Amino acid sequence: LLNFARGEIIDGEAVKDMWNSGRLTGKYISDFADPYLQGHPKHIVLPHLGASTEEAEDNSAAMAADTVKAFLETGTIRNSVNFPQTVLEEKEGLIGARIC
């Protein structure tokens, strides 16, 4: 069983039950760990490498730089993991409300 999309598309508890009952004999290979299957010898977790190409790393670095620049110049917060997106309106005639 191969899953390289998202872990949520597989019901880990059901897979474990199928292994235990003998209805599933093969391995489950994924790039997302499943808490129900953690440590099971038939669950193989590979590194998730979706953003590990040179182009993806360059794009990620540019996005991070643009995000930090926007925050420093205007206070705008984008792409935050644990803070809501906040986009402040630009005032006519002002280049930015620098906070540093």
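Reading the values: rules and limits
Residues numbered from 1 in each chain as written. Predicted model: local features only at pLDDT ≥ 70, side-chain atom pairs only at ≥ 80, totals over all residues. Heavy atoms only, no water. Helix = DSSP H or I, 4+ residues; strand = E, 2+ residues; numbered from the N terminus. Contact = heavy atoms within 4.5 Å. Areas by Shrake-Rupley, 256 points an atom, 1.4 Å probe, with all protein chains shown as cover. pLDDT = per-residue confidence, 0-100. Patch = residues over 30% accessible without salt bridge, like charges linked within 9 Å, V, L, I, M, F, W, Y side chains within 5 Å. Salt bridge = Lys/Arg side-chain N within 4 Å of Asp/Glu carboxyl O. Lys, Arg positive; Asp, Glu negative; His and termini not counted. Charge placed at Lys NZ, Arg CZ, Asp CG, Glu CD. Buried < 20%, exposed > 50% of the residue type's maximum accessible area, 1.4 Å probe, protein only. Pairing = 2+ DSSP bridges. Arc of directions from axis to C-beta.

(A) Looking closely at the overall build of the protein chain. Scanning the protein chain from N- to C-terminus turns up 2 helices and 3 strands. Starting at the N terminus, the α and β elements of the protein chain follow one another as β-α-β-β-α. Considering only intrachain contacts with a sequence separation of at least 6, the fraction spanning at least 24 residues in the protein chain is 28%. Total accessible area on the protein chain stands at roughly 7,800 Å², and carbon and sulfur atoms take up 57% of it.

(B) Main features of the confidence of the model for the protein chain. Considering every residue of the protein chain, the mean pLDDT works out to 82; 84% of them sit at 70 or more. Looking across the protein chain, the model is least confident in helix H2 (residues 54-74), with a mean pLDDT of 87, and most confident in helix H1 (residues 12-21), with 94.

(C) Up close: a negative patch on the surface. Judged by side-chain charge, Glu 54, Glu 55, Glu 57 and Asp 58 come together as a negatively charged surface patch. Residue classification places Glu 54 among the exposed positions, given a relative accessible area of 65%.

(D) View of the sheet that holds strand E1 (residues 2-3). Pairing within the open sheet is parallel, and its 3 strands lie in the order E1-E2-E3. Taken across any chain shown, the strands that pair with only one partner, and hence form the sheet edges, are E1 and strand E3 (43-45). With 2 bridges joining them, E1 and strand E2 (residues 28-30) adopt parallel strand pairing. Paired with Leu 2 across the bridge in E2 is Ile 29.

(E) Layout of H1. Three or more residues of H1 are buried, namely Gly 12, Val 15 and Trp 19. All buried residues of H1 fall inside an arc of 60 degrees around its axis, so they share one side. On its buried side, H1 packs onto E2 and E3. Once H1 finishes, Gly 22 follows within two positions and takes phi at roughly 90 degrees, a positive value.

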